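# An overview of the molecular structure
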Amino acid sequence: MSADISPVIASTVQWLLRSYPATGGVLDTALAEAQAHQAATVSAWLRYPTAADVAVVSLVGPGGSARLDWITGADTSAPDPPEEPWRSWVDEVVASWAACLLTTPELAEEAVAALARGEHAAGVSLDFRRLTRPDDRDRRASALLRHPDLLGPVADLHRAALVRHLQGDPLDVDRV
């Protein structure tokens, strides 16, 4: 792939981890980050399946975290929060789909399987086991990040579009 989706992935991971932080020490933080990164990567690759899609989002930007911040209450934490440029690269749909994958193991399995049909996976060995088969340590490290009640409002934003997409409907940006 010539176009780079990594700013969207990194910013969405950052948003997920700030909104649903690990509750333990350094190892828990690293494990939670690995799970968030895998979920955001799978979601971004599904959302932007071709180099052309990635090029377009790189040109126009993904939209930012404002609505997600409002839904989670993050926008009420300070009267004038400092401007954080990375927030403009958060993709609401990618964050919502990642929340779905983190909280619904069946969707995570389907999503990873669907990647095999896309351009991003061509010639790459896919290993998303922290997302699809988390062990007990992974689950403890990401208790907030995988909590269905906490992530529900974010996951529900675009869950229907993810399910349609995994069932083979072409991605219609207007319906997402």
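Keep in mind that what you see is a predicted model, and the values were worked out from it rather than measured.

### Comments concerning the side chain of Arg146
Within the fold, Arg146 resides in the loop between helix H8 (136-141) and helix H9 (148-166). No salt bridge is formed by the buried Arg146, whose closest oppositely charged neighbour, Asp138, lies at an N-O distance of 6.8 Å. A polar contact of 2.9 Å, which involves the side chain of Arg146, links it to the backbone oxygen of Arg130. With sequence-adjacent residues up to four places away left out, Arg146 is seen in contact with Gln35, Leu102, Thr103, Arg130, Leu131, Pro134 and Leu151.

### Digging into the packing of helix H2 (residues 26-47) against helix H6 (residues 105-115)
For any two helices packed against each other, the geometry comes down to the angle between their axes and how far apart the axes lie. Interhelical geometry of H2 versus H6 gives an angle of 55 degrees and a closest axis separation of 10 Å. Accordingly, the angle class assigned to the pair H2 and H6 is oblique. Between H2 and H6 lies a crossing of left-handed hand. Along its contact with H2, which presents Val42, Trp45 and Leu46, the element H6 presents Ala111, Val112, Ala114 and Leu115. The residue inventory of the contact of H2 with H6, partitioned by class, reads seven nonpolar, no polar and no charged.

### Quick notes on the packing of aromatic side chains
As enumerated under the stated definition, the model contains two aromatic pairs in all. Centre to centre, the rings of Trp15 and Tyr20 are 6.2 Å apart; their planes meet at 75 degrees, and the pair counts as edge-to-face. Side by side, Trp15 and Tyr20 carry an identical accessibility label, which is buried. Ring geometry for Trp45 and Phe128: centres 6.2 Å apart, planes at 90 degrees, overall edge-to-face. Note that Trp45 is positioned in helix H2 and Phe128 in the loop between H6 and helix H7 (129-132), a separation of 83 residues in sequence. Phe128 carries the same exposure label as Trp45, and that label is buried.

### Topic: the nonpolar core
As a rule of thumb, nonpolar side chains are buried together in soluble globular proteins. Membership of the largest hydrophobic core comes to 46 residues, with the highest contact counts inside it found for Ile5, Trp15, Val42, Leu46 and Leu131. Looking at this core, the elements that each hand over two or more residues are helix H1 (6-19), H2, helix H3 (51-60), helix H5 (92-103), H6 and H9. For this core, the element with the highest residue contribution is H5, accounting for nine residues.

### Re the packing of H1 against H5
Taken N-terminus to C-terminus, the directions of H1 and H5 make an angle of 60 degrees; their axes are 10 Å apart at the nearest point. As far as their axial angle goes, H5 and H1 are oblique. H1 and H5 meet at a crossing whose hand is right-handed. The segment H1 lies against H5, with Val8, Thr12, Trp15 and Leu16 engaging Val94, Ala95 and Ala98. Residues belonging to the contact of H1 with H5 are distributed by class as follows: six nonpolar, one polar and no charged.

### Some remarks on the pattern of salt bridges
The final tally for this structure, using the stated rule, is nine salt bridges. Asp91 is paired through a salt bridge with Arg47; the nearest N and O atoms lie 3.9 Å apart. With Asp91 in the loop between helix H4 (66-72) and H5 and Arg47 in helix H2, the pair connects residues that are 44 residues apart, well separated along the chain. In this pair, the class of Asp91 matches that of Arg47, namely buried. Taking the shortest distance from any N to any O, the salt bridge between Arg87 and Asp69 comes out at 3.1 Å. With Arg87 in the loop between H4 and H5 and Asp69 in helix H4, this residue pair connects regions lying 18 residues apart in the sequence. Note on Asp69: relative accessible area 9%, which makes it buried. Through salt bridges with shared partners, one network takes in Arg18, Asp69, Glu84 and Arg87.

The rules behind the values
Residues numbered from 1 in each chain as written. Predicted model: local features only at pLDDT ≥ 70, side-chain atom pairs only at ≥ 80, totals over all residues. Heavy atoms only, no water. Helix = DSSP H or I, 4+ residues; strand = E, 2+ residues; numbered from the N terminus. Buried < 20%, exposed > 50% of the residue type's maximum accessible area, 1.4 Å probe, protein only. Lys, Arg positive; Asp, Glu negative; His and termini not counted. Salt bridge = Lys/Arg side-chain N within 4 Å of Asp/Glu carboxyl O. Polar contact = N/O pair within 3.5 Å; in protein donor to acceptor, adjacent residues only side chain to side chain. Contact = heavy atoms within 4.5 Å. Axes fitted to C-alpha atoms, helices over the stretch in contact; angles between N-to-C directions. Parallel < 35°, antiparallel > 145°, perpendicular 65-115°, else oblique. Left-handed = near helix turned anticlockwise from the far one by under 90°. Nonpolar A, V, L, I, M, F, W, Y, C, P; charged D, E, K, R; others polar. Phe/Tyr/Trp six-rings, centres within 6.5 Å; stacked < 30°, edge-to-face > 60°. Core = buried A, V, L, I, M, F, W, Y, C linked by side-chain atoms within 4.5 Å.

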